[in-house]
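Each chain, letter by letter, is given below.
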Amino acid sequence: MSKAAYLSPSLACCPLERLEAHVRELEQLGADLLHVDIMDGDFVANYCLGTEFVPLLHRITRLPLDIHLMVQRPEQKIAYFALAPRDFVTVHAESTPHVHKALAAIRAQGARAGLALNPATPLEACRWVLDDLDLLLIMTINPGFAGQKLVAQTLEKLRSAREMLDAAGSAALLAVDGNVSFENAKTMSQCGADVFVAGTSSLYAKGNDLAQNYEKLRRAIVEGKGGAK
Ligand code: DX5
Ligand code: ZN
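Residues numbered from 1 in each chain as written. Chains lettered and ligands numbered in written order. Predicted model: local features only at pLDDT ≥ 70, side-chain atom pairs only at ≥ 80, totals over all residues. Heavy atoms only, no water.

**Q** Explain the environment of Ser95 residue by residue, including any values.
**A** Its place among the elements puts Ser95 in the loop between strand E5 (88-92) and helix H3 (99-108). Counting along the chain gives 25 residues from Ser95 to Met70, while the straight-line C-alpha distance between them is 7.7 Å. Aside from chain neighbours lying at most four places away, what touches Ser95 is Phe43, Val71, Gln72, Arg73 and Pro74. (Helix = DSSP H or I, 4+ residues; strand = E, 2+ residues; numbered from the N terminus. Contact = heavy atoms within 4.5 Å.)

This is the structure in structure tokens:
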């Protein structure tokens, strides 16, 4: 069982009109990564953020970015992103016949490579690229929109992914994205997730302030790992 826990606030859900001040708050709260959803209106129906958002964030913060590419043929687009060495870039297995090439293109730019699997995509899709991965993202919703309900069977898939990474001796981080609510985060943590993408279901949930939501989410994750903090 992994004890790692990285919180990755989903900036597509944050108050963009005060981005810099908000990122400063996230830094103070101890956020580990900043999740950046990029959508092309093709791989998913929606549009979201864009290439220019990446250098903007790098000017604002030293936190590593967790860039989630929901775009067709990502291997042709990696070069458009000004990446920093500690950034993660995650591509979807369903978005290209050239997954290996896409992962190699990310590492060739000096960044860390991730592969995302939609709910219906078998874990087997990452079997022959395990050595090329720094992160495996199990989508717990169908990508494209915030505020959706958990696809329940992805929890069992998450558990299997943990077993697969451990059995292979892989150091890749296991990430979850989609409906990471306070309740679901605890279960996802029990299932062995390392990286938790925090969107409208937790960090940006209405009612509490940001610090309260952050602490509540952090506690749920620690509890899921059987910790006492
Ligand atoms: C969905 C996005 C997520 C989303 C998750 O495609 O990748 O980052 O913001 O946040 P929730 O599900 O909590 O709204
Ligand atoms: Zn995402």
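From this point, the narrative continues.
**Q** Talk me through the state of the cysteines; I want residue IDs and the actual numbers.
**A** All told, the structure shown has 0 disulfides when counted by the stated rule. Residue Cys126 stays outside any disulfide, its sulfur separated by 16 Å from that of Cys191, the closest cysteine. Of the residues examined, Cys126 reaches a relative accessible area of 0% and is grouped as buried. (Disulfide = S-S within 2.5 Å. Buried < 20%, exposed > 50% of the residue type's maximum accessible area, 1.4 Å probe, protein only.)

**Q** So what's going on with unusual backbone geometry? Residues and values would help.
**A** With the exception of glycine, the majority of residues adopt a negative phi angle, and the majority of peptide bonds are in the trans configuration. Positive phi outside glycine occurs at Leu49, with the angle close to 45°. Following the sequence through the fold, Leu49 ends up in the loop between strand E3 (47-48) and helix H2 (53-60). Assessed through its relative accessible area of 27%, Leu49 is described here as partly exposed. If you check the backbone angles, Asn179 has positive phi at about 50° while not being a glycine. Classification of Asn179 by relative accessible area gives buried; the value is 17%.

**Q** Kindly report on the pattern of salt bridges, identifying the contributing residues and their values.
**A** Oppositely charged side chains can pair when the atoms bearing their charge come close. Under the criterion given, the structure shown has 11 salt bridges. Of the charged contacts, one joins Glu124 and Arg127 as a salt bridge, the two residues approaching to 3.8 Å between their closest N and O atoms. According to the relative accessible area criterion, Glu124 is partly exposed, its value standing at 47%. For Asp194, the salt bridge identified is with Arg162, shortest N-O distance 3.1 Å. Of this pair, Asp194 sits in the loop between helix H5 (182-190) and strand E9 (195-198) while Arg162 sits in helix H4 (residues 154-168); the two residues are 32 residues apart in sequence, bridging distant segments of the chain. By relative accessible area, which is 8% here, Arg162 ends up buried. Taken together, the salt bridges that share partners define one network made up of Glu20, Arg24 and Glu27. (Salt bridge = Lys/Arg side-chain N within 4 Å of Asp/Glu carboxyl O.)

**Q** Please provide a residue-by-residue account of the coordination of the zinc ion (ligand 2), values included.
**A** Each donor-metal-donor angle in an ideal tetrahedron of four donors is 109.5 degrees, and each such angle in an ideal octahedron of six donors is either 90 or 180 degrees. Summarising the metal site, the zinc ion (ligand 2) is bound by the protein donors His35 (NE2), Asp37 (OD), His68 (ND1) and Asp177 (OD), whose distances to it range over 2.1 to 2.3 Å. Read from N- to C-terminus, the donor residues coordinating the zinc ion (ligand 2) fall into the pattern H-x1-D-x30-H-x108-D. There is no split in this pair, since His35 and Asp37 are both buried. (Donors = N, O, S within 2.8 Å, 3.2 Å for Na, K, Ca; no water.)

**Q** Just give me the short version of the side chain of Asn118, but keep the residues and values in it.
**A** Within the secondary structure, Asn118 sits in the loop between strand E6 (112-117) and strand E7 (135-139). The exposure class of Asn118 is buried, given its relative accessible area of 14%. Among the polar contacts listed, one links the side chain of Asn118 to the side chain of His92, at a separation of 3.4 Å. With residues near it in sequence (within four places) discarded, Asn118 still touches Phe43, His92, Glu94, Met139, Pro143 and Lys157. (Polar contact = N/O pair within 3.5 Å; in protein donor to acceptor, adjacent residues only side chain to side chain.)

**Q** Which residues make up the packing of aromatic side chains, and what values do they have?
**A** According to the stated counting rule, one finds 0 aromatic pairs in the structure shown. Cation over ring: Lys216 sits above Phe182, and NZ or CZ is 4.4 Å from the ring centre. (Phe/Tyr/Trp six-rings, centres within 6.5 Å; stacked < 30°, edge-to-face > 60°. Lys NZ or Arg CZ within 6 Å of the ring centre and 35° of its normal.)

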